[in-house]
Amino acid sequence: MNIHFTYLPGDGIGPEIGLAALQVLNAMANVFGHTLDIEEHLIGGAAIDKRGTPLPDDTLASAKHTGAILLGAVGGPKWDHLKGADRPELGGLLPLRQKLDLFANIRPAKPFATLINSSPLKSEILNGVDFVVVRELTGGIYFGNKGRDNLGAYDECRYSQAEIERITVTAFELARTRRKKVTSVDKSNVLETSRLWREVVSRVAGDYPDVELEHTLVDAMAMHMLTRPRDFDVILTENMFGDILTDEASVLCGSMGVIPSASLDADNVGLYEPIHGSAPDIAGTGKANPTAMILSAAWMLRTSFGLEPEAVAIEQAVEQALEAGQVTGDLGGSLSTDQMGKWVADHVGR
Ligand code: NAD
Ligand code: IPM
Ligand code: MN
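Residues numbered from 1 in each chain as written. Chains lettered and ligands numbered in written order. Predicted model: local features only at pLDDT ≥ 70, side-chain atom pairs only at ≥ 80, totals over all residues. Heavy atoms only, no water.

(A) How the structure looks around the nonpolar core. By size, the foremost hydrophobic cluster in this structure holds 87 residues, and its most contacted members are Phe5, Leu25, Leu70, Phe131 and Ile314. Broken down by element, the residue count for this core peaks at nine residues, all from helix H10 (residues 291–305). Each of domain 1 (1–101 + 282–350) and domain 2 (104–264) accounts for three or more of the residues forming this core. In this structure isoleucine 314 touches Val24, Leu25, Met28, Ile294, Ala298, Leu301 and Val348, once residues within four positions along its chain are discounted. (Core = buried A, V, L, I, M, F, W, Y, C linked by side-chain atoms within 4.5 Å. Buried < 20%, exposed > 50% of the residue type's maximum accessible area, 1.4 Å probe, protein only. Helix = DSSP H or I, 4+ residues; strand = E, 2+ residues; numbered from the N terminus. Domains from an automatic or database assignment. Contact = heavy atoms within 4.5 Å.)

Now the structure itself:
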């Protein structure tokens, strides 16, 4: 098969973990007899520097054309003085997600057995943890009106019923393939958008009598996720709560560097990226863990190309690396990003 996708390395550690993932994809292509057809484009700060805009037209056109995008991360201190849509995040990543209508962001938290001791949490809390956060990605406070007036600043948070409905359907459909429980997270004791969220989620849940639904307030959820994470199966939430809770979930998994994500539209467009950022504090040092990026690439193969055995082969090679301690420093190993990528690449299909 010709695997045709858009590759957006981005900023900071993005290009470093990207190279590791490309090595692994190349190895997969050799083992399985596929070809890679990669359209590499600029996004974020790299695009600002070279093209004067965080989301050049050719980048967006390629993403729309291939419908399968592998992205590193965007942003960094070099561009932090920029405002609004001139920024890598607000002008690059967010419009990419919005223009492709990638409303469903899926972020798994299932600690690898070998990494239980990499987490600061006790193993008795972590054993058996396996949940997925379904984060609404194209609405809410990220995309409302923002600005300044003579008193201060504001960010508007809006959700339409339709936006809540479609992400709720995603969560319930996913729960049906798992342990059949949805925990919806909101702040309905304060926010009107959250009151609507709760109403719509409860109504949609009526179509899924086989799936258990519970509602939880986000502040309490931040605690439950650390004290009884085993109790959760599918966690459904809005854009900003999902952003915050998934960084918290990475603590259960041992490192920010191990959680991949998929952002999907209603049909078959998918953007695959680690949940972490461009890690400017370690960029250029070879310390970045490429696991989340490699697992994002595997997810792309599975979901955008239907290549299940190929995805599994990559996931198994990653697990072998974790078991053998062939990992980066964040997980207690001594390999560089590049060395870990090579190790995983060498073990695809073995
Ligand atoms: P971050 O996720 O980049 O880093 C947080 C901490 O985790 C840092 O100490 C970093 O070194 C560590 N870390 C992250 N990824 C790692 C990896 N693969 N291996 C080892 N350690 C890793 O978050 P931040 O520092 O708050 O943000 C930095 C920049 O990244 C900001 O400009 C932010 O806007 C951007 N960002 C982009 C994305 C994205 O493109 N999807 C996501 C989050 C943050
Ligand atoms: C993420 C990131 C982004 C977000 C930023 C960079 C806009 O933190 O993908 O988690 O908040 O969605
Ligand atoms: Mn985030």
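(B) Region of the structure containing the site of ligand 1. Looking at ligand 1, there are 20 residues lining it, with Val74, Glu89, Gly277, Ala279 and Asp281 nearest. Between serine 278 and ligand 1, the recorded distance is 3.1 Å, taken from a backbone N or O atom to an oxygen atom. A distance of 2.9 Å separates a nitrogen atom of ligand 1 from a polar backbone atom of asparagine 289. Within the complex, 70% of the 810 Å² of free accessible area of ligand 1 lies under protein. Of the residues contributing to the shell around ligand 1, the split by class is 10 nonpolar, seven polar and three charged. (Near = heavy atom within 4 Å. Polar contact = N/O pair within 3.5 Å; in protein donor to acceptor, adjacent residues only side chain to side chain. Areas by Shrake-Rupley, 256 points an atom, 1.4 Å probe, with all protein chains shown as cover. Nonpolar A, V, L, I, M, F, W, Y, C, P; charged D, E, K, R; others polar.)

(C) Seen up close, the environment of lysine 181. Here lysine 181 shows up in strand S8 (residues 181–186). Considering only alpha carbons, one finds lysine 181 and isoleucine 141, 40 residues apart in sequence, at a separation of 27 Å.

(D) Highlighting the pattern of salt bridges. Scanning the entire structure with this criterion turns up 20 salt bridges. Notably, a salt bridge pairs arginine 51 with aspartate 58, separated by 2.8 Å at the nearest N-O pair. A salt bridge links arginine 166 to aspartate 101; the shortest N-O distance between them is 3.2 Å. Of this pair, arginine 166 sits in helix H6 (residues 161–176) while aspartate 101 sits in the loop between helix H4 (88–99) and strand S4 (104–109), and the two are 65 residues apart along the sequence. Residue class for aspartate 101 comes out partly exposed when judged on its relative accessible area of 33%. Several salt bridges share partner residues, and in doing so they unite Asp80, Arg87 and Glu89 into one network. (Salt bridge = Lys/Arg side-chain N within 4 Å of Asp/Glu carboxyl O.)

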